[in-house]
Amino acid sequence: LAEHHDGALACATAHVVSAAKQIVKESGGDIDVLVAGEGVAAIAEAAARLDGVSRVRVADHAAYAHLLAEPTAALLNELAGDYTHLLAAASTPGKNVLPRVAALKDVAQISEIIAVESPDTFKRPIYAGNAIATVQSEDALKVITVRTTGFDATAATGGNAAVETATAAADTGKSSYVGSEIAKSDRPELTAAKIIVSGGRALGSKEKFDEVITPLADKLGAAIGASRAAVDAGYAPNDLQVGQTGKIVAPQLYVAAGISGAIQHLAGM
């Protein structure tokens, strides 16, 4: 399942395709990418260029404009009969949609894999990353979310997949899009940033957080992160939270200022 935002294919999709390539390497077969949305021709073309993709299936309908869980899950439920594995990024859309598909298909979901051992065996972190579980599934359909930081992105060019129309499922009418409040920033997106500067509770106030973290991030060209304690205290907005209940990041350099190092935070790094 391709993820896209503001008319562009999300980089998370390339990481999911990389995980799919490892499965296909072991089992054979092809990789299809489903692009669901409204007015997604350009997104489908970008998906078709991803290395390793055999076919792009496009469901272009107003019902999928915002990847709402109910209509998107219904679509995947209709299409999933042709496949052995169904993958999406372990992001908000993926975590929202795939458990519903697993329930509709009456199979187990395998969440946030970080490695592929074989077509039916995967590794995933448990206990806030303190242990790695090896999970084997005998289900005919493996429903999997992929922790994108566990896989290098496949090349964005080199592919020449066929693009075809997928039959759109009827809108369930159970939910409707009301609106979004999206934080705008010129900084790198946290989950894709190579350098991150994070602040924690020990900074003491929002003013001190901004005084210490912002100029350092500007100097390094870094994204800004925060611990949950800092977010809960109002030092930083929720979309900057790194950790078990926040975003999972994998930068080349991580600077933590005033963060205790609790396992719930370390689990996101």
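Summary of the structure given here. (Residues numbered from 1 in each chain as written. Predicted model: local features only at pLDDT ≥ 70, side-chain atom pairs only at ≥ 80, totals over all residues. Heavy atoms only, no water.)

A separate point is the overall build of the protein. Secondary structure assignment for the protein yields seven helices and 14 strands. For a compact globule of 269 residues, the expected C-alpha radius of gyration is about 18 Å, and the protein comes in at 19 Å, within 12% of that figure. Principal-axis analysis of the C-alpha atoms gives the protein an extent of 55 × 40 × 40 Å. Burial analysis of the protein (269 residues in total) assigns 42% to the buried set. Relative to all contacts within the protein whose residues are 6 or more apart in sequence, the contacts with residues 24 or more apart total 67%. For the protein, the computed accessible surface area is about 13500 Å², with 49% contributed by carbon and sulfur atoms. Computed over 22 positive and 30 negative side-chain charges, the separation of the two mean positions in the protein equals 6 Å. (Helix = DSSP H or I, 4+ residues; strand = E, 2+ residues; numbered from the N terminus. Rg over C-alpha atoms; globule rule 2.2 N^0.38 Å. Buried < 20%, exposed > 50% of the residue type's maximum accessible area, 1.4 Å probe, protein only. Contact = heavy atoms within 4.5 Å. Areas by Shrake-Rupley, 256 points an atom, 1.4 Å probe, with all protein chains shown as cover. Lys, Arg positive; Asp, Glu negative; His and termini not counted. Charge placed at Lys NZ, Arg CZ, Asp CG, Glu CD.)

Here the focus is the pattern of salt bridges. Under the counting rule described, the total for this entry stands at 13 salt bridges. Between R100 and E70 there is a salt bridge, with its nearest N and O atoms 3.6 Å apart. Here the residue R100 occupies a position in helix α4 (residues 92–105), and E70 occupies one in helix α3 (residues 69–79), the gap between them amounting to 30 residues. For R100, a relative accessible area of 35% corresponds to the partly exposed category. (Salt bridge = Lys/Arg side-chain N within 4 Å of Asp/Glu carboxyl O.)

The next thing to look at is the sheet that holds strand β3 (residues 32–37). The three strands are arranged β3-β4-β11 in an open sheet whose pairing can be described as parallel. The sheet is open, and its two borders are formed by β3 and β11 (162–165), each paired with just one other strand. Averaged over all pairs of adjacent strands, the angle between their axes in this sheet comes to 25 degrees, without regard to strand direction. As paired strands, strand β4 (residues 55–60) and β11 are joined by four bridges and run parallel to one another. (Pairing = 2+ DSSP bridges. Axes fitted to C-alpha atoms, helices over the stretch in contact; angles between N-to-C directions.)

A word on the sheet that holds strand β10 (residues 142–146). Strand order in the open sheet made by the three strands is β5-β10-β6, with parallel pairing throughout. Each having just a single partner strand, β5 (85–89) and β6 (109–113) make up the two edges of the open sheet. Across the sheet, the mean angle separating the axes of adjacent strands is 20 degrees when strand polarity is ignored. Two strands pair when backbone bridges link them, and β6 and β10 are joined in this way by three bridges, in the parallel orientation. When the bridges of β10 are listed, Q109 appears paired with V143. Packed on one face of the sheet, helix α1 (residues 12–27) meets β5 and β10 and runs near 150 degrees to β5. Along the sheet, α4 contacts β5, β6 and β10; its crossing angle with β5, the most-contacted strand, is approximately 160 degrees.

Inspection of the secondary structure assignment puts S118 in strand β7 (residues 115–118). Within the structure, S118 has its side chain in polar contact with the side chain of D120 (distance 2.8 Å). (Polar contact = N/O pair within 3.5 Å; in protein donor to acceptor, adjacent residues only side chain to side chain.)

Mapped onto the elements, G225 comes out in strand β13 (residues 223–226). On the basis of relative accessible area, G225 is assigned to the buried category, the value being 0%. Here the alpha-carbon distance between G225 and I213, two residues twelve residues apart in the chain, equals 9.0 Å. Excluding anything up to four places from it in sequence, G225 contacts L190, I196, V197, S198, G199, F209, L240 and V242.

Before going further, it helps to spend a moment on the pairing of strand β12 (residues 195–199). Of all five residues in β12, four are buried; the element is thus mostly enclosed. Two strands pair when backbone bridges link them, and β12 and strand β14 (residues 253–257) are joined in this way by five bridges, in the parallel orientation. Paired with I196 across the two strands is Y254, which belongs to β14. Direction of pairing for β12 relative to β13: parallel, over a ladder of four bridges. Across the sheet, the residue bridging to V197 is I224, located in β13. Running through helix α5 (residues 206–220), the crossover from β12 to the neighbouring parallel element β13 is right-handed. (Right-handed = clockwise from strand over helix to strand, strands pointing away.)

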